[in-house]
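What follows is the residue order along each chain.
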Amino acid sequence: MDFNVKKLASDAGVFFTRAVQYTEEKLGQAEKTELDAHLENLIARADCTKNWTEKIFRQTEVLLQPNPSARIEEFFYEKLDRKIPSRTTNAELLGQYMQDAAKEFGPGTPYGSTLITVGEFQKRLGGAEREFLHTSAINFLTPLRNFLEGDWKTISKERRLLENRRLDLDVCKARLKKAKSAEAKAAAAPDFQETRPRNYVLSASASALWSEEVDKAEHELRVAQTEFDRQAEVTRLLLEGISSTHVNHLRCLHEFVEAQAAYYIQCHKHMQDLQKELSCANGDTFPNAFAVNASTSGVSTGPSPLSTATLPGASSPSRPTNPSNALESSTLKIEEVKPPATGTRKAKVLYDYDAADTSELSLLSDELITVYTVPGMDPDWLIGERGNQKGKVPVTYLELLS
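**Quick look at the packing of aromatic side chains**
A full pass over the atoms with the stated rule returns eight aromatic pairs. Relative to Tyr111, the ring of Phe105 lies with its centre 5.4 Å away and its plane at 20 degrees, an arrangement referred to as stacked. The exposure class of Phe105 is partly exposed, given its relative accessible area of 47%. On the basis of relative accessible area, Tyr111 is assigned to the exposed category, the value being 52%. With a centroid separation of 5.2 Å and an interplanar angle of 45 degrees, the aromatic rings of Tyr263 and Tyr264 are classed as tilted. Ring pairing ties together the aromatic residues Phe132, Phe140, Phe256, Tyr263 and Tyr264, which thus form one cluster. The ring of Phe121 carries Arg124 above its face, with NZ or CZ at 4.4 Å from the centroid. Across from the ring centre of Trp381, 5.7 Å away, lies the NZ or CZ of Lys392, which sits over that ring.

Shown next, in the form of structure tokens:
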């Protein structure tokens, strides 16, 4: 490998000179040419734009791809200019596992058929997620990356050139100041009594030399000032382009929000359809489990019985109303109710409860009972068993354990 020794020595000298110059500026021992206020504001605005764009870009990458290993893999594919391979989403993988499990359990069984249905909708959710990721990467991430890796690099390069021109200008100013000071000293009138005639000639010669040095320094200063002004104008034009960057990023942000909204709308629709299918398919086995309120688009405004039952820190709830169409003793004797083969659960009693009639079971706080539901039963109530005792119990007084 060939080394240009002269260039290396020159670069080292420039680096040392710059370091000395920066140090003197920090210590206030050297003059520093200040940029105009407008240019300083543009630089501060550009730095702010770069910093926040980088943070938004990185966090959006994390949002779209939480797996850091996958992000690193995609980064290398981009740097190698190769197509990123298609990756299965987690929802699609879950859906496939559910459908494979259904084949093992038997697609004709209630559990197997439900797994097939849920697995299919999980795949649909995964497809919607894939479309969202693809759209967001093109319409939002790519413009941000192009700014950081393209426009900003150009701006940074021109700013470095501007800083070098400023340093060169300050060096020329210091050189001119030094030359003028030496010229004035050389041109000072000598003392006729103490100075020999020969020194008059030397003094005149030195004065002429310093006059030439001043002329040369003034010429270099004019050249350095011209180059600095030209570079400042180039940098200013690039920095003013940040306004256009903001407009472009604003448009991209709107597109990202639209893609995100469309994705969540699709997910909501898929889940509504899934609830309806499960409600129709399993209504006889699990009544009220997948009921969908069409007037509220599937979103319940009242408290969920199961969610209310898992709040041990809450105060004792009010006694629920005993529905007239539930398991009344005149219609069905409580002792005639049989527990299902599957579906029983353990529950911890949160509060004391006094039975209102013989069809209900009194409860003591912190005791464990077995609970289950039966077809046609109100969702706010369960059948509870404690030893040989059996009766209806309110869900809000329980914490379901398993």
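**Concerning the pairing of strand 1 (residues 345-349)**
With four bridges connecting them, strand 1 and strand 2 (residues 368-372) associate as antiparallel partners. Bridging across to strand 2, Ala347 finds its partner in Ile369.

**Quick look at the packing of helix 4 (residues 90-105) against helix 5 (residues 110-186)**
For the pair helix 4 and helix 5, the least separation of the axes is 7 Å and the interaxial angle reads 165 degrees. When the interaxial angle is binned, helix 4 and helix 5 end up roughly antiparallel. Helix 4 and helix 5 meet at a crossing whose hand is left-handed.

**Some thoughts on the packing of helix 2 (residues 37-64) against helix 5**
Direction vectors running N to C along helix 2 and helix 5 enclose 150 degrees, while the axes themselves pass 10 Å from each other. By the criterion of interaxial angle, the relationship of helix 2 to helix 5 is roughly antiparallel. Crossing of helix 2 over helix 5 shows left-handed handedness. Of the residues in the contact of helix 2 with helix 5, the class split is 16 nonpolar, four polar and six charged.

**As for the side chain of His270**
One can find His270 in helix 7 (residues 242-282). Looking at His270, the relative accessible area reads 16%, which means it is buried. Setting aside chain neighbours within four positions, we find His270 in contact with Phe121, Arg124 and Leu125.

**What about a nonpolar patch on the surface?**
Taken together, the side chains of Leu250, Leu253 and Val257 define a hydrophobic patch exposed on the protein surface, amounting to about 250 Å² of accessible area. In this fold, Val257 is placed in helix 7.

**Structural notes on the environment of Ile56**
Inspection of the secondary structure puts Ile56 in helix 2. You can call Ile56 partly exposed: its relative accessible area is 42%. When the C-alpha positions of Ile56 and Leu141 are compared, they lie 9.3 Å apart, and in sequence the two are 85 residues distant. Ignoring anything within four residues of it in the chain, the contact list for Ile56 reads Phe140 and Leu144.

Cut-offs applied
- Residues numbered from 1 in each chain as written.
- Predicted model: local features only at pLDDT ≥ 70, side-chain atom pairs only at ≥ 80, totals over all residues.
- Heavy atoms only, no water.
- Phe/Tyr/Trp six-rings, centres within 6.5 Å; stacked < 30°, edge-to-face > 60°.
- Buried < 20%, exposed > 50% of the residue type's maximum accessible area, 1.4 Å probe, protein only.
- Lys NZ or Arg CZ within 6 Å of the ring centre and 35° of its normal.
- Pairing = 2+ DSSP bridges.
- Helix = DSSP H or I, 4+ residues; strand = E, 2+ residues; numbered from the N terminus.
- Axes fitted to C-alpha atoms, helices over the stretch in contact; angles between N-to-C directions.
- Parallel < 35°, antiparallel > 145°, perpendicular 65-115°, else oblique.
- Left-handed = near helix turned anticlockwise from the far one by under 90°.
- Nonpolar A, V, L, I, M, F, W, Y, C, P; charged D, E, K, R; others polar.
- Contact = heavy atoms within 4.5 Å.
- Patch = residues over 30% accessible without salt bridge, like charges linked within 9 Å, V, L, I, M, F, W, Y side chains within 5 Å.
- Areas by Shrake-Rupley, 256 points an atom, 1.4 Å probe, with all protein chains shown as cover.
- Salt bridge = Lys/Arg side-chain N within 4 Å of Asp/Glu carboxyl O.

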